Amino acid sequence: MNRSIRWMLSLAMLAVALPAGAQDSDCDFDQAYFAKRMQQIAARHGGRLDATGTAIWKLRNGETITVASGGCVHYGTTVSLVYAPGASAPSREVAIERLFATVSKYWQPAAARRLQALVRTGAYQTRTLDDGSTELVGSLDPGQGFSFEYRLILGKHEVRISWEEA
């Protein structure tokens, strides 16, 4: 599991593990609302929640879709499409198009349009990760002094995007 997903899940798990009083004073976001919202999101299209509150859909073609969302100080979301076992990764263009279709269907169409438009501008940094995956990192608010970013990972077995917002 890549660092950005572990980071997002760690934040979500930390928020859930905090006593109710600590959540109220330390978290800017309503954790009960996040839990209820993720249940509703998972229920759409016949998904389920795992122990960390991540929504999961196992598709008939063998692919798996996951959506994790939450936070205490910053709000973040990760959407991934894991290819069927033994399947080859599609071309970069196809993988990105499929990812944004997944974000649109399983999370929010507006988020998919916004992120897709940002990726299409090409205003991101690219690097190769240790496992051979390609990571694209770009700003959600290009040009501002302090902005949040997105991370899109194109791997052999999956494609995923993580982003954070205020």
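Just so we're clear, the structure is a prediction, and the values are computed from it rather than from any experiment. By convention here, each chain's residues receive numbers from 1 onward along its written sequence. Where local features are concerned, this predicted model is filtered to residues with pLDDT of at least 70; where side-chain atom pairs are given and counted, the filter is 80 or more; whole-chain, interface and lining totals use all residues. Side-chain numbers here rest on the full set of heavy atoms in the structure, without hydrogens or water.

With respect to the element layout, Gln31 can be found in helix 3 (residues 31-43). Residues adjacent in sequence count toward polar contacts only when both atoms are side-chain atoms; beyond that, a polar contact is any pair of N or O atoms within 3.5 Å, and within protein one must be able to donate a hydrogen and the other to accept it. Here Gly71 takes part through its backbone oxygen, which lies 2.8 Å from a polar atom of the side chain of Gln31. Note on conventions: DSSP H or I runs of at least 4 residues are helices, E runs of at least 2 residues are strands, and numbering of each starts at the N terminus.

Take the environment of Thr134 next. Mapped onto the fold, Thr134 is located in strand 6 (residues 134-139). Sequence spacing of Thr134 and Leu154 is 20 residues, and the spatial spacing of their C-alpha atoms is 5.1 Å. In this description, contact between two residues means that some pair of their heavy atoms is separated by no more than 4.5 Å. Setting aside residues no more than four positions away along its own chain, Thr134 makes contact with Arg92, Thr126, Arg127, Leu152, Ile153 and Leu154.

This paragraph deals with the pattern of salt bridges. Here, a salt bridge means any Lys or Arg side-chain nitrogen found within 4 Å of an Asp or Glu carboxyl oxygen. Under the counting rule described, the total for this entry stands at six salt bridges. In this structure, Arg127 engages Glu135 in a salt bridge whose closest nitrogen and oxygen atoms are separated by 2.6 Å. In this structure Glu135 comes out as buried when scored by relative accessible area, which is 4%. Two residues, Arg151 and Glu135, come together in a salt bridge whose shortest N-O distance is 3.1 Å. A residue pair is termed long-range when its members are at least 10 positions apart, and Arg151 in strand 7 (residues 149-154) and Glu135 in strand 6 qualify at 16 residues. Between buried and exposed lies partly exposed: a residue is buried under 20% and exposed over 50% of the maximum accessible area for its type, with that area taken using a 1.4 Å probe on protein chains only. Exposure remark for Arg151: the relative accessible area of 27% places this residue in the partly exposed category. When salt bridges that share partners are traced, they join Arg127, Glu135, Glu149 and Arg151 into one network.

This part takes up helix 3. To estimate how far a helix should extend, the number of its residues minus one is multiplied by 1.5 Å. Compared with an ideal rise of 1.5 Å per residue, which puts 13 residues at 18 Å, helix 3 spans 19 Å between its outermost C-alpha atoms and is within 8% of the ideal. Regarding helix 3, the residues found buried are Gln31, Phe34, Arg37, Met38, Ile41 and Ala42. Considered in projection along helix 3, the buried side chains sweep an arc of 135 degrees and stay on one side of the axis. Residues Ala32, Lys36 and Ala43 are exposed on helix 3 and point more than 90 degrees away from its buried face. His45 occupies a position one or two residues after helix 3 and carries a positive phi of about 65 degrees. Throughout, the arc means that of the directions going from the helix axis to the C-beta atoms.

Time to look at the confidence of the model for the protein. On a scale of 0 to 100, pLDDT captures the predictor's confidence in every residue. The predicted model of the protein has a mean per-residue pLDDT of 84, with 81% of residues at 70 or higher. Mean pLDDT across the secondary structure elements of the protein bottoms out at helix 1 (residues 3-17), with 42, and peaks at helix 4 (residues 92-106), with 97. Throughout residues 1-24 the model reports pLDDT below 50, and contacts reaching past four residues in sequence, or to other chains, amount to 27 contacts.

Read from one edge of the open sheet, eight strands run 1-2-3-4-8-7-6-5, paired in antiparallel fashion. Looking at which strands have only one partner, the edges of the open sheet turn out to be strand 1 (48-49) and strand 5 (124-128). By the bridge criterion, six bridges tie strand 6 to strand 7 in an arrangement that is antiparallel. The partner of Ser139 across the bridge, within strand 7, is Glu149. Lines fitted to C-alpha atoms define the axes, with helix axes restricted to the stretch in contact, and inter-axis angles between N-to-C directions lie between 0 and 180 degrees. Of the strands in this sheet, strand 2 (55-58), strand 3 (64-70), strand 4 (75-82), strand 5, strand 6, strand 7 and strand 8 (158-165) are in contact with helix 4, which crosses strand 8 at around 55 degrees. Any two strands with at least two DSSP-identified bridges between them are counted as paired.

Time to look at the environment of Arg114. Looking at the secondary structure, you find Arg114 in helix 5 (residues 109-121). Excluding anything up to four places from it in sequence, Arg114 contacts Leu140, Asp141 and Glu165.

As for its position among the elements, Ser69 is in strand 3. Separated by 3.4 Å, the side chain of Ser69 and the backbone oxygen of Gly76 make a polar contact. Leaving out residues up to four positions away in the same chain, Ser69 has contacts with Met38, Tyr75, Gly76, Thr77 and Trp107.

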